[in-house]
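The lines below spell out each chain.
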Amino acid sequence: MTYRPDSLPAAFDRSAARHAGRTAILAGATRVSYATLKAQAETVTRALLDRGVRPGDPVALAAARAPETVAAMLGILRAGGIVVPLDPSFAPEQIDAIRADAAPVACALRRADADRLPDPGEAILIDAGLAEAPGRRRPVPRLDPEAPAFLLYTSGTTGRPKGVLLPHRAIHATALADPLLRLGPGDVMLGLAPLSADSATWETFAPLLTGGTLAPCPDAALDTIADTLTGAGVTVANWYAGLHHLMIDHRPEALSGLRLSVAGGDVMSVPHARKLLARYPNLVLVNDFGPTETCTHSLAHRVTPADLDGAIPVGRALATEEALILGDDLSVLPAGETGQLAIAGTGVALGYLNRPDETAARFIPDPRPGRTGTIYLTGDLARRRPDGAHEFLGRADRQVKLNGYRIELDAVEALLRAAPGVADAAVAVVGQGTARAMEGAVIPAAGATLDPGALLDGLAATTPRGMLPRHLRVLDAFPLTAAGKVDRKALFAATAAAPVPPPEARDLPATIAAVFAEVLGLPAFPEGATFFEAGGASLHLIEAHARLEARLGRRFDLTLLFEAPRVADLARRLDTAPVAAPVAAPKTGAGAIAVTGMAVRVPGADTLEAFADLTRSGRSAITRLDPAQMEDRLDRGAPGYVAARGLLDDVAGFDAGYWKMLPAEAAKTDPQARVFLDLCLHALEDAAIDPDRTGARVGVVAGASMSTYLLQNLMHDRAGLDAFTSGY
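Asker: Any details on the overall build of the chain? Residues and values, ideally.
Answerer: Broken down by element type, the chain carries 23 helices and 28 strands. Relative to its full complement of 728 residues, the chain shows a buried share of 48%. On the chain, roughly 34,500 Å² of surface is accessible, and the fraction owed to carbon and sulfur atoms is 54%.

Asker: Summarise the nonpolar core; cite the residues concerned and give the values.
Answerer: If you look at soluble globular proteins, the nonpolar side chains tend to sit buried side by side. Among the nonpolar cores identified, the biggest contains 62 residues, and Leu37, Leu48, Leu61, Phe150 and Phe205 are the most heavily contacted of them. In contact with Phe205, not counting residues within four places along its chain, are Leu8, Met73, Leu74, Leu77, Phe150, Ile171 and Ala175. Counting residues in hydrophobic clusters, the runner-up holds 32 residues, among them Cys217, Met268, Ala273 and Val303.

Asker: Talk me through the environment of Gly56; I want residue IDs and the actual numbers.
Answerer: In this structure, Gly56 sits in the loop between helix H2 (34–50) and strand E3 (58–62). Expressed as a C-alpha distance, the spacing of Gly56 and Leu77, which sit 21 residues apart in the sequence, is 9.6 Å.

Asker: Quick rundown of the pattern of salt bridges? Include the residues and the values.
Answerer: Applying the stated rule across the entire model yields 26 salt bridges. Linking Asp13 and Arg78 is a salt bridge whose minimum nitrogen-to-oxygen distance equals 2.6 Å. Residue Asp13 is found in helix H1 (residues 8–18), and its partner Arg78 is found in helix H3 (residues 67–78); the two are separated by 65 residues along the sequence. Its relative accessible area of 22% is what places Asp13 among the partly exposed residues. For Glu518, the salt bridge identified is with Arg551, shortest N-O distance 3.1 Å. With Glu518 in helix H15 (residues 508–520) and Arg551 in helix H16 (residues 538–552), the pair connects residues that are 33 residues apart, well separated along the chain. Glu518 gets classed as buried once you look at its relative accessible area, which sits at 17%.

Asker: Lay out the packing of aromatic side chains with the relevant residues and their values.
Answerer: Applying the stated criterion to the full structure yields 8 aromatic pairs. Aromatic pair Phe363 and Tyr376: ring centres 4.9 Å apart, planes at 45°, arrangement tilted. With Phe363 in strand E19 (residues 363–365) and Tyr376 in strand E20 (residues 374–384), this pair connects stretches of sequence that are 13 residues apart. With relative accessibility at 8%, the residue Phe363 sits in the buried group. In this structure Tyr376 comes out as buried when scored by relative accessible area, which is 4%.

Asker: Give me the sheet that holds strand E25 (residues 437–444): which residues, what numbers.
Answerer: Overall, mixed pairing links the 3 strands, which are arranged E24-E25-E26 in an open sheet. The open sheet has two edge strands, strand E24 (422–430) and strand E26 (471–474), and neither has a second partner. Pairwise comparison of adjacent strand axes, ignoring direction, gives a mean angle of 25° for this sheet. Here E24 pairs with E25 via 8 bridges, running antiparallel. Considered in E25, the bridge of Ala428 is made with Glu439.

Asker: Hey, could you go over the side chain of His19 for me, with residue numbers and the actual values?
Answerer: Here His19 shows up in the loop between H1 and strand E1 (23–27). Not counting residues within four places of it along the chain, the set of residues in contact with His19 comprises Tyr34, Pro185, Thr210 and Gly211.

Asker: Run through the pairing of strand E17 (residues 338–345), naming residues and quoting values.
Answerer: Of all 8 residues in E17, 6 are buried; the element is thus mostly enclosed. Note that E17 and E20 share 6 bridges and pair antiparallel. Bridge pairing in E20 places Thr338 opposite Arg383.

Asker: Which residues make up the environment of Leu647, and what values go with them?
Answerer: Relative to the helices and strands, Leu647 resides in the loop between strand E28 (644–646) and helix H20 (663–668). Residue class for Leu647 comes out partly exposed when judged on its relative accessible area of 37%. For the pair Leu647 and Thr623, spaced 24 residues apart in sequence, the C-alpha separation works out to 6.8 Å.

Asker: An account of the pairing of strand E12 (residues 260–264) is needed here, citing residue identities and associated values.
Answerer: In terms of burial, E12 is a largely internal element, 5 of the 5 residues being buried. Burial along E12 is two-sided: Leu260, Val262 and Gly264 and Ser261 and Ala263, pointing in opposite directions, are all buried. Relative to E12, strand E11 (residues 236–240) runs parallel, the two being bridged by 5 bridges. Residue Asn238 lies in a different strand from E12, and its bridge partner there is Val262. The parallel pair E11 and E12 is bridged by helix H9 (residues 241–250), and the resulting crossover is right-handed. At this point the chain moves from E12, through helix H10 (residues 270–279), to the parallel strand E13 (residues 284–289), and the crossover so formed is right-handed.

Rules of the game
Residues numbered from 1 in each chain as written. Predicted model: local features only at pLDDT ≥ 70, side-chain atom pairs only at ≥ 80, totals over all residues. Heavy atoms only, no water. Helix = DSSP H or I, 4+ residues; strand = E, 2+ residues; numbered from the N terminus. Buried < 20%, exposed > 50% of the residue type's maximum accessible area, 1.4 Å probe, protein only. Areas by Shrake-Rupley, 256 points an atom, 1.4 Å probe, with all protein chains shown as cover. Core = buried A, V, L, I, M, F, W, Y, C linked by side-chain atoms within 4.5 Å. Contact = heavy atoms within 4.5 Å. Salt bridge = Lys/Arg side-chain N within 4 Å of Asp/Glu carboxyl O. Phe/Tyr/Trp six-rings, centres within 6.5 Å; stacked < 30°, edge-to-face > 60°. Pairing = 2+ DSSP bridges. Axes fitted to C-alpha atoms, helices over the stretch in contact; angles between N-to-C directions. Right-handed = clockwise from strand over helix to strand, strands pointing away.

That is the geometry; function is a separate question.
Structure, rendered in structure tokens:
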């Protein structure tokens, strides 16, 4: 089939003409034919045109899933308006923020939702029997497939609503272009996603543009979903992965009528996929990938038993899309190399409303020679396998610095999921200052019993303990957001334990355990564990030492804590250790205290400890080189010329995403400046200062040798400089 983009109203009109008598929407006992749905949509269109709505005007749609809501959506699009979904269940502040940004000229809503939306403005009650204004009927505009159709708001990582403009051609292509996801006249689609979610566009138009039936689900309760699946004879369902897993665990019998089950939005669990395919071997199970900015579906992979021995790939790009793996310099990487996943094709959005800088940073010109068009930088890490399928490796912005390690939280979750007996896993960083730590939660596979300590011990055999969660909770299920994604914020909100009341100082083991628990943010210190096994790092131990000295009223050597990191051992050592002078009470007054953190990066040493060891040992950190490798411009025949230099290791390991830099900007930045940024972060960590939360003034004192990078590498490359600066 040759695909041609079109506007959504034109495509729906063709479908309605072919299937006029078929059921377009099945909501409980209510059936709406294609002919009736088209007539209802035309009524909404006339009401909007009578109120002066013009092509390109945003129109809010504040209603739950219902037949009249779908008619209103089609009516807004037919009038040339941009649909701005407003979920009536949103907090008033969120609704206000979206309306302030989108500035809708009208609001379509149902009577039942009118009281839930503050100040709806120019309101059109879509279930009130709209009357046509007298006079000449206004002409319906002819729409370009490139025109904006939906303005969908996503909070992203900042929590501030951000409007994504999706054109008609993106939604049209997602609904029709790829045979794996294409529906037919006999299909019934489960309408589960909230209207404000990106997946609602596919759930709506995939059936309505192909003669299928949309079956809206009243709510996201598992029993309600099961009743809709069986009562409406649903054949196709689109899920967020977390909700999909819950249905497989609790209501698998309700999935018996499905021919196609598509899950995305999070990592698909291998045990759940195995369980589903074992029960329904003829089911087409698809692991799907696509952000709002590329219209929900960009890559897809049909899951088979051969995929169930490791992480399930997200597959290949759909028929009208392209998936690229890019390096930091935006060059296309070969198969097997990890880079940022970028999407090109008909599904790419027009950009962000009222955010030109963010649009320019994410929606960039295709960097491939001879190519035109726009690609979207997802911010996700991926790798293309030799067979062409892509493996999702996590969000680049879920990278954290903790305990001296740079940690990919998605990679930690993948490690946990791959462990025997684990069906799903989630991790997050909680706490502040020295109490900042990684927490984890796991769901056991069917019939499995998990021991959190044993699970962590097993992973620690191959992964540094400081890169694993401080401790794990075993749960039956994870909390989900309204859209069906794992709600990590709610999952880990309760892990910030209340301070442990200090026991009497004379009970030495209890005092040590209480201090250890306070420093690590634990409700109680695990019996028999070492300080490091419980999630502590050297920085935590220094704080524990200070607190113990203050609590016990005596001084003792910090090295005791390193030599005896278990509570019982440390208590015995302290009982026999010489008693030093009591700790002086801190002076009161207004004098400020300066906290100094240090970091170093020199040839042969990238930590303070390594630098001290290098200095004490007197080892040379100079590297002898082949003269042909030298890049200086000195006279190599001179008597004093020596082919040797001090070299820094891993200079190329700079993480541009962590510093919110564009890859092209990072590629042109002086490597010494990139190292300097990392050093600043290490110094702050050394001082136990979180720059995002501290209210104190922070100063930086640094030293560096002269850099000739600008002169030797950039100034002579005028074309490169012009290309780089042209975006500013």
